[in-house]
Each structure stands twice: as structure tokens, then as C-alpha cells.
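# Examining the three-dimensional arrangement
The residues making up each chain are set out below.
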Amino acid sequence: MTETFKAAVVQAAPVFMDLDGCVEKARGLVERAAQEGARLVAFSECWFPGYPWWIWLAAPAHNVKYFQAYHENSLAVDGSAFEDLRQIAQCNGVFLSVGASERDHGSLYISQFLFDDQGELLQGRRKLKPTHAERTVFGEGNGSHLEVLDTELGNIGQLSCWEHIQPLTKYAMYSMHEQVHIAAWPSFSCYPQAYSLGPEVNNAASQVYALEGQCFVLAPCGVISRHMIEVLVETDDQSALIRSGGGFAQVYAPDGRPMCEPLPEDQDGLLFAELDLGAIAVAKSFADPVGHYSRPDVTRLLLNRSPQPRVEDFLPETTDGEDADDEFEEADAGRTQPP
């Protein structure tokens, strides 16, 4: 395991609702990060092909007009854009965390994919519970999507946005001894009147995650560009609900300390931090919530990480062990056909 390495978080606007454009912009950002010596690069929530901000601006019936284009530009695991991202990770020799709207046949999911520096997919996870208006677009993940991966860069885990204010979800991740956590956020410039959606509270959620879990937290953040405002805003009422900017990317140390000088909120760029995994031991000596600082005799978590398939095929066996298919075929063969 590498004890010390450089990581990069992306603060940038996507090429909105243009998956191929997002991939090409990502290529440039990853190449720059690799040139600066980064071993791990993290993108924000739904950066591919952009977070669907219209869900917060109008009724679902109005927003139907966006669905087809957004669906077509969402990332499919068996698609060419996914292969391009795999190659970007491999060619630049970096671990790459991708936040995407994932298309799986007729459904979309808020997903995170982690590739290693050989371009191998280590994890594809889906947000357990889309937040509020997100549920008009996205489906849910399941317990198998809570996972911390043992890699040469340490134990890496990922969550999206308000999964970081779900205490039991966080504790499940801490229990897997996470060392590097990727906290993907979309942007903080929608609903200015809602303090709970702003940068102060949500950056605090990332910071507290680092403090509670004694791990490094990479918090990439999207930016809303002026072009996106032109696409999304049609009325004065909508204009009052969203503005350009909203980028507040940061990296936090295991003691909760911010590690980077922030970029201006409307600026595309990268933040870099040197992660020394040895520092985690110092933080853990003060408080380890799943070790010496726990009280399992008082409170414990029940965690079901089993996948829950929607359809499960099965064939009942006969008493003598014959497959049901064979029995049905024999019955068909002996059945009298109508004249």
C-alpha cells in the first residue's frame, strides 16, 4: 500500500447534457492532474453529463421535455463513453472516480464508478436514496453499493451528496475502515433561500465525515456555467432559484482540517493535496467510532449488503431430482394434440 500520494479533486462545469463533450473535457482535466503527479482524481456528482438542475426549477410535467436528451446522454456501462473513461484512467496511470447519471435500459441512477490506474473497474455504485426532487428522475441503489475497496492507495470508499447526512450509512462505511473517502457534490448555487442546500452546511458534512471517520475526504464539486443557466432558466421566478457558480471543492484531513486553498466558486480547476495515510493512526488514537470509541453493548448497526434482484429466475426440482424443464418436456411430448 502507498502510504503517501497526491490526490486531485475537480471543480468544473460539465459540458451540459453532452456526454461526449464531458468525456473530452474530463480527458484534459485528468491529463493535467496526472502531469502534476496525482495518483487519484475525483469528479463530482452526475458530472457526466451534468446534474439535472431543472428538477428544482419546475414541475415534473414541465420537465419531461428534458428527459429524452438527458437519458440519451447518460453513461451506460456497455457504452463507448464508459470505455473512453476506462482508457483515460489507464493512459494517465491514475485511479479515477467518476460521478455520473447512469443509464441502465429504461432507468437512470446517480452512480459513482472507480477505475484503477490500469483502467480496471473496481466499483460501480448507486446512490441509496435520491434526495427529494431527484426521485422524479433516478432510481435507488441497494446495500451492495456500500463498499470500501482495498487498493494500493489504501481503503477507498465513495458516497454522493446527502448520503453524507445519513448517520447509519456513514457508520456502515466507517465500519469498513475507510482511509480515503470520495464525497461527490453537484454544486451549491440552487435555492439560495435554503440554507441546508448551501456550501456552509454541505462542506461541513464533508468535514465532519473526515472527523468522524478519521479518513481523508476528497470533495469534488460541480460548477453551474452561464450556458447552463441559459438552457435551464425560462422565467424570472426560475432565475431567482438558481445562479451560476456554486463550486466549493475541498479536501479534508483525518482531523477535519481543510487541506486546500479554495478556488473562486465560478472557476474551473483542480485542487491538489498530499495524503499521508500514516496520519490516520494519530486521528484514530483520539476517537475510533468502530473501535475503542464505540459501545456495541448499547448501540449497534444492522447492515444488509446483499443485492436485491427485481427478478429472480428459479426452476423447482422434482422429488427424484429431475429438473422441472425435463418433466415439462416429457409431459408436452405425451400430450394428445387436438385434431
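Residues numbered from 1 in each chain as written. Predicted model: local features only at pLDDT ≥ 70, side-chain atom pairs only at ≥ 80, totals over all residues. Heavy atoms only, no water.

### Here we look at the side chain of His-164
Put simply, the rule reads: Strands are runs of DSSP state E lasting at least two residues, helices are runs of H or I lasting at least four, and both sets are numbered from the N terminus onward. Burial classification: accessible surface area is computed with a 1.4 Å probe over protein chains only, and a residue below 20% of its type maximum counts as buried, one above 50% as exposed, and the rest as partly exposed. Pairing of N or O atoms within 3.5 Å defines a polar contact, subject to two protein rules: one partner must be a possible hydrogen donor and the other a possible acceptor, and residues neighboring in sequence count only if both atoms are side-chain atoms. Residue contacts follow a heavy-atom distance rule, with two residues in contact if any of their heavy atoms lie within 4.5 Å.
Assignment of secondary structure puts His-164 in the loop between strand E8 (154-160) and helix H4 (167-174). By relative accessible area, His-164 is classed as buried at 1%. At a separation of 2.7 Å, a polar atom in the side chain of His-164 contacts the main-chain carbonyl oxygen of Cys-161. Not counting residues up to four positions away in its chain, the partners in contact with His-164 are Leu-159, Lys-170, His-181, Ala-183, Ala-184, Trp-185, Ala-205 and Tyr-209.

### Side note on the pairing of strand E9 (residues 180-184)
We apply this condition: Here the rule is simple: two strands pair whenever DSSP picks up at least two bridges between them.
Burial analysis of E9 places 5 of its 5 residues in the buried class, the great majority of the element. Neither face of E9 is exposed, since Val-180, Ile-182 and Ala-184 on one face and His-181 and Ala-183 on the opposite face are all buried. Here E8 runs beside E9; their pairing, made up of 5 bridges, is parallel. The residue of E9 that forms the bridge with Ile-156 is Val-180. Pairing of E9 with strand E10 (residues 216-219), which is carried by 3 bridges, proceeds in the parallel orientation. For His-181, the partnering residue across the bridge sits in E10 and is Val-217.

### What about the pattern of salt bridges?
Stated formally: Salt bridges are identified by distance alone: a Lys or Arg side-chain nitrogen within 4 Å of an Asp or Glu carboxyl oxygen.
Enumeration over the complete set of coordinates arrives at 17 salt bridges. Taking the shortest distance from any N to any O, the salt bridge between Lys-25 and Asp-268 comes out at 2.7 Å. Of this pair, Lys-25 sits in helix H1 (residues 19-35) while Asp-268 sits in the loop between strand E12 (250-252) and strand E13 (269-276), placing them 243 residues apart in sequence. Under the relative-accessibility criterion, Asp-268 is labelled partly exposed at 34%.

### Concerning the nonpolar core
This is how the line gets drawn: Residues enter a nonpolar core if they are buried and are Ala, Val, Leu, Ile, Met, Phe, Trp, Tyr or Cys, with the set joined through side-chain atoms within 4.5 Å.
Counting residues in hydrophobic clusters, the biggest one holds 44 residues, and the most contacted among them are Phe-5, Leu-40, Val-180, Leu-218 and Leu-275. Top element by residues in this core is E10. It accounts for 4 residues. In this structure Leu-275 touches Glu-3, Thr-4, Phe-5, Ala-7, Val-180, Phe-216, Leu-218, Val-251 and Met-259, once residues within four positions along its chain are discounted. Formed by 28 residues, the second largest nonpolar core is a distinct cluster that contains Val-23, Trp-47, Ala-100 and Phe-115.

### A look at the packing of aromatic side chains
To keep it simple, the criterion reads: Ring pairs are drawn from Phe, Tyr and Trp, using the six-membered ring of Trp, whenever the two centres fall within 6.5 Å, and their geometry is named by plane angle: stacked under 30 degrees, edge-to-face over 60, tilted for the rest. A positively charged side chain is recorded as over a ring if its NZ (Lys) or CZ (Arg) lies within 6 Å of the ring centre. The angle to the ring normal must also be within 35 degrees.
One pass over the full model with this rule turns up 13 aromatic pairs. With centroids separated by 6.5 Å and ring planes inclined at 75°, the aromatic side chains of Tyr-70 and Phe-138 adopt a geometry described as edge-to-face. With Tyr-70 in helix H2 (residues 60-72) and Phe-138 in strand E6 (residues 138-139), this residue pair connects regions lying 68 residues apart in the sequence. Note on accessibility: Tyr-70 and Phe-138 belong to one class, buried. Each ring, one from Tyr-174 and one from Tyr-209, has its centre 5.0 Å from the other, and the planes form 65°; the classification is edge-to-face. Placement of Tyr-174 in helix H4 and of Tyr-209 in helix H5 (residues 199-213) is noted, with a sequence separation of 35 residues between them. One residue, Arg-126, lies across the ring of Tyr-109, its end atom 3.8 Å from the ring centre.

### Quick notes on the packing of H1 against helix H3 (residues 80-92)
Put simply, the rule is: For helices, the fitted axis covers only the stretch in contact; all axes are lines through C-alpha atoms, and the angles between them, taken along N-to-C directions, range from 0 to 180 degrees. Angle categories: roughly parallel below 35 degrees, roughly antiparallel above 145, roughly perpendicular from 65 to 115, and oblique for all the rest. Polar here means any residue outside two lists: the nonpolar Ala, Val, Leu, Ile, Met, Phe, Trp, Tyr, Cys and Pro, and the charged Asp, Glu, Lys and Arg; Gly therefore counts as polar.
In the contact formed by H1 and H3, the axes pass within 10 Å of each other and the chain directions differ by 10°. The orientation of H1 with respect to H3, classified from their angle, is roughly parallel. Contacts between H1 and H3 involve Leu-19, Val-23, Arg-27, Val-30, Glu-31 and Ala-34 on the former and, on the latter, Ala-81, Asp-84, Leu-85, Ile-88 and Asn-92. Class assignment for the residues of the contact of H1 with H3 results in 7 nonpolar, 1 polar and 3 charged.

### Comments concerning the sheet that holds E10
Pairing in this open sheet of 5 strands is mixed, and the strands run E7-E8-E9-E10-E12 from one edge to the other. What marks the edges here is a single partner per strand, and that holds for strand E7 (148-151) and E12. On average, adjacent strands in this sheet sit at an angle of 20° to one another, irrespective of strand direction. Relative to the sheet, H4 contacts E7, E8 and E9, its axis offset from that of E8 by approximately 165°.

### Some points on the confidence of the model for the chain
Short version of the rule: Each residue carries a pLDDT score, the predictor's own confidence in it, on a scale running from 0 to 100.
The predicted model of the chain has a mean per-residue pLDDT of 93, with 93% of residues at 70 or higher. Within the model, pLDDT remains below 50 along residues 330-339, and this stretch shows 2 contacts once partners closer than five positions in the same chain are excluded.

### Structural notes on the state of the cysteines
Heads up, the rule is: The disulfide criterion is simple: two cysteine sulfur atoms within 2.5 Å.
Taken as a whole and assessed by the stated rule, the structure comprises 0 disulfides. No disulfide involves Cys-260; its nearest neighbouring cysteine sulfur is the one of Cys-221, lying 13 Å away.

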